[in-house]
Structures are given as C-alpha cells and as structure tokens.
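Working through the structure, step by step
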Amino acid sequence: MEAVVTSHKPVEPAVPARASLPEQAEAASRGAPEATRGAAAAPGGAARGASRGLWISSTYFAEGLPYAIAHKVAGEFFTAAGASLEIIGLVSLYGLPWNLKFLWSPLVDLHGSSRRWLVGAEIALAVILLGLAAAADSGALGLVAALFGLVAVAAATHDIAVDGFYLQALDKDAQAAFSGLRVGAYRLALLAGALLVAFAGWASFGASFAVAAVGLALLAGAHAVGLPRPAAAAARPGAGAALPGDGAPGAAAAPGATAGGAAGLLRYVEPFRVFLRQPRIASSLAFILCYRAGDALMFAMSSPLLKSLGLDTAARGNVGGVGTVASIAGSTLGGVLIKRWGLARTIFPIALVQSLAILLYVALAWSRPTLPWIVALVTLEQFVAGVGTAVLVVFLMRRCVDGYKSSHFAIGSALMSVSATFAGSVSGYLAASVGFTAFFAIAFAASIPGVVLSRWVPRD
C-alpha cells in the first residue's frame, strides 16, 4: 500500500559529511545565497540538529494525509453515497498519478529545489481541499470526483519532493536511523485519514475536507519557514555539468535551440537510464510490482466488506483508526527487525507473513463475526502490513543512485503503486462476480509471486 516508508542495519558506506566539490559548484551556480544556506544545512549542521525529527515527521505526515484522502477517504465517500462495488473499485484509479509520477519526477530534480516543490504542492493541496469541502455536500458527485483527481496529482508531485528532500538533506546513516520515524509519521497521517472518515460520519464530509485543508495550509506555512536548506545534490550529467560527448574532439556544435533541446532531453532521460542499469534490475522491478498486489486487492474492497458486516461510516472510521495505530506499531517493529538483522535476512520471512495475513480477511468474509472479532482481525492484519511496508521502503531506498535520488525513489514508488491501481480498479467487478470470501482468497493468491520473488532480489 502506501509508500511508502524503517530503520535497518547499515550496509552502505556513509556519505562523507562534507559536500563534494561538484555539489558545491552546482550550489554556487544557483546563486551565492542559496549555496550559503545549503552549506549551513549540510550534514553536521542544521540537518544533524535536534529539529530533524520534527521536520521529518511533519513532512511525511503531510505526504500521507493527501494519500489517505485520495484513497481511503474517497472510497469511504462513495461507499457512504451508496455507489456500486464497481464504482468503489474504480476509485483505485486515483492511484494513476502515483503510477505515472516518474514521468515528471525529473522536473523536481532539474528545476527549482525539492524544498520549493514541497511547499508549493502543500499550498496547492490546501486550495483544492477547500474546493472539495465546498462541493462534497452539494450532491455534485462529478465535480467531487474531478477534485479528488486533482488532489491525487498534487499529492503525487508532493511525494516526489518530500522523498527527494529527505534523501538530499540526510546522509545515508541518518536516512537509515530516521526511516522508522518516516514510516510512523506517514502512518499517523493515515490514522488522521481514518479520523476524517469518523468525523464525516458525525458531521459531514465537507467539514472533514475543510479541516484537512486548514491542516495542510498550516503545514505549508511551517515548512516554508522551518525546513533546512540542504546543499545541492551531487552533480550529474545535464545538471550544471557537461553532458556525455559535450566538448569532445570533433564534436560539431548544433544551433543553440537544437542543442538546448537535445541537452534537455538527455537530462530528462538520464535518471531512467541510470536506474535501469543497476544490477539485477529485472528481478527488482518484478518484486516492486508484485510485492503489494494481494494487499492492493484486499484494501480496495475492505470498506464495502465492513459495510456489509453492518458497520456505518463512523464505525468504519473508528475501526480504520485502530487498524492504523496497529500499522504504525508494525512499521516501528519492522524498522527494529531490519536494523537488527538486516534486509537480507528479513525480506523473505516478512513477505511471507504479510501474504498469510490476507487470509484474515477471508475469515472475516466467511464467518461474519461480531464487532470485537472484526476489530481484532483488522488490527492484526494492519499490524503485519506495517511491518511489510517497512521492508519495501528500505528496498526502494537501496535502489536510489546518488545524484538521482528524487527521480529514482519516485520511479520505484510509482511502480509499487501500479499493482495497487490495476488490482483495485478491477476489484469491484471481481468481488461482485464471486462474492467476498472467494475474492479475498484470490487476493491471497495474488500475493504469492511477491513472496517468491523476495528470494531473488538484491538485498544490499
């Protein structure tokens, strides 16, 4: 599910504390004031200060809240509106911007800074949510659906900026040390999403969206003032450095406009080329695509299942809140396990347990238990899902190459969400056809390829 996002045993050499000469040169090319601010926030400066935990928590909370709105809250909105299973399943198509964000992720690396993109996206999200608040209780479902789509696009762009900022502002040891906090803050935002659903059951969805808009506006203001200003990322082809072949003996200079266009294209393509040249990339890509496929099917139909078991909107929000707390605890445990035993020793057993946990929803659909059992089974599954997310996010971070970290994490997390979007979009049709018990059994079967692939991927 959500990205992602754990502490682990250090397996990579730490980035030197002092910025490299290419980094300093690129920072200088952006203007002396920016370079000066970046130097002050280099590892050992503000980025190593006591405030790191605060900005990491607040930025990943701000990343998780729009995700929860575009996925969980949107599904609950249409469930409460009495939409069909097919329509509720199609809500998963709001995941498309997360699938496609790699297409514009190089823009975040190449234009402006991750910090500016982060704050700008939060302002945009606050404005869109205010519009959603005005439309939610008007009965204009088409407008609501379109605004949810805008939330998704802005939130996916915000994800790129937040992940890139995290990877640029911290060295690798700090990235590992704070990755558990990162997952926990993101999961806390998912809890806030569940509370927004419960609040909507008590008040209205319009009121819930207004609260979310105010919260994101406040976060945008705090981040504009309080975020550190990390030094520029390491120089890369097309970013203040010569492109391959530039200035080579015998190379003919193209006209200015043509050369600029070719250079821009090469700068855009380069992050993808570097990502795909990593060792054993085929197995890595297959694992990223398959790891959460079963969970994606299960998640898409979880609200309709709970509604069929007699839970109203407020009750579903409360159960979701309890489950999200459990997932935060699970992500924390996942970080501890990975830090103690390393990714290589934990990736397969955690993938296996995550797969087996889907059978709890088979039990829910088949036995139709009372509320205490519903809460217990949902809570246990969410706890295991939190542990599973920790593994996946560490794996994605290991696929990020210096100089392209925003782009590479965006590529990895976008691929991760492809299965969620595809599986979710067909889930309603499948559940309506075979019934909930068989549907969740199919979701379990869909999780097995990810377990198998966890034995074949790079583990460093």
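Throughout what follows, the structure given in this document is the object of discussion. Note that this is a predicted model, so its numbers are computed, not measured.

Cut-offs applied
- Residues numbered from 1 in each chain as written.
- Predicted model: local features only at pLDDT ≥ 70, side-chain atom pairs only at ≥ 80, totals over all residues.
- Heavy atoms only, no water.
- Salt bridge = Lys/Arg side-chain N within 4 Å of Asp/Glu carboxyl O.
- Helix = DSSP H or I, 4+ residues; strand = E, 2+ residues; numbered from the N terminus.
- Buried < 20%, exposed > 50% of the residue type's maximum accessible area, 1.4 Å probe, protein only.
- Phe/Tyr/Trp six-rings, centres within 6.5 Å; stacked < 30°, edge-to-face > 60°.
- Lys NZ or Arg CZ within 6 Å of the ring centre and 35° of its normal.
- Core = buried A, V, L, I, M, F, W, Y, C linked by side-chain atoms within 4.5 Å.
- Contact = heavy atoms within 4.5 Å.

1. A few points about the pattern of salt bridges
Scanning all chains against the criterion turns up 6 salt bridges. Of the charged contacts in the structure, one is a salt bridge between lysine 72 and glutamate 76, with a shortest N-O distance of 3.4 Å. With a gap of 4 residues between them, lysine 72 and glutamate 76 both fall in helix α3 (residues 52-80), about one helical turn apart. Two residues, arginine 316 and glutamate 76, come together in a salt bridge whose shortest N-O distance is 2.7 Å. Of this pair, arginine 316 sits in helix α15 (residues 313-341) while glutamate 76 sits in helix α3, and the two are 240 residues apart along the sequence. Accessibility expressed as a relative area gives 3% for arginine 316, which makes it buried. One salt-bridge network, in which partners are shared between bridges, spans Lys72, Glu76 and Arg316.

2. Section: the packing of aromatic side chains
Under the criterion given, the structure shown has 17 aromatic pairs. Their ring planes at 55° and their centres at 6.2 Å tell us that phenylalanine 78 and phenylalanine 148 sit as a pair that is tilted. Linking phenylalanine 78 in helix α3 with phenylalanine 148 in helix α8 (residues 141-169), this pair joins segments that are 70 residues apart in sequence. Phenylalanine 148 matches phenylalanine 78 in its accessibility class, with the two residues each being buried. Each member of the aromatic cluster is reached from another via a ring pair, and the members are Phe77, Phe78, Tyr94, Phe148, Phe205 and Phe209. The cationic tip of arginine 182 hangs over the ring face of phenylalanine 409; the distance from NZ or CZ to the ring centre is 4.9 Å.

3. Considerations on the nonpolar core
Counting 86 residues, the largest nonpolar core has Ile69, Leu129, Phe148 and Phe209 as its most contacted members. The dominant element in this core, judged by the number of residues it contributes, is α8, at 14 residues. Excluding residues within four positions of it along the chain, isoleucine 69 makes contact with Ala74, Leu129, Phe148, Val151, Leu196, Phe209 and Ala212. Within the second largest apolar cluster, 25 residues are counted, among which are Leu306, Leu311, Val319 and Ala443.

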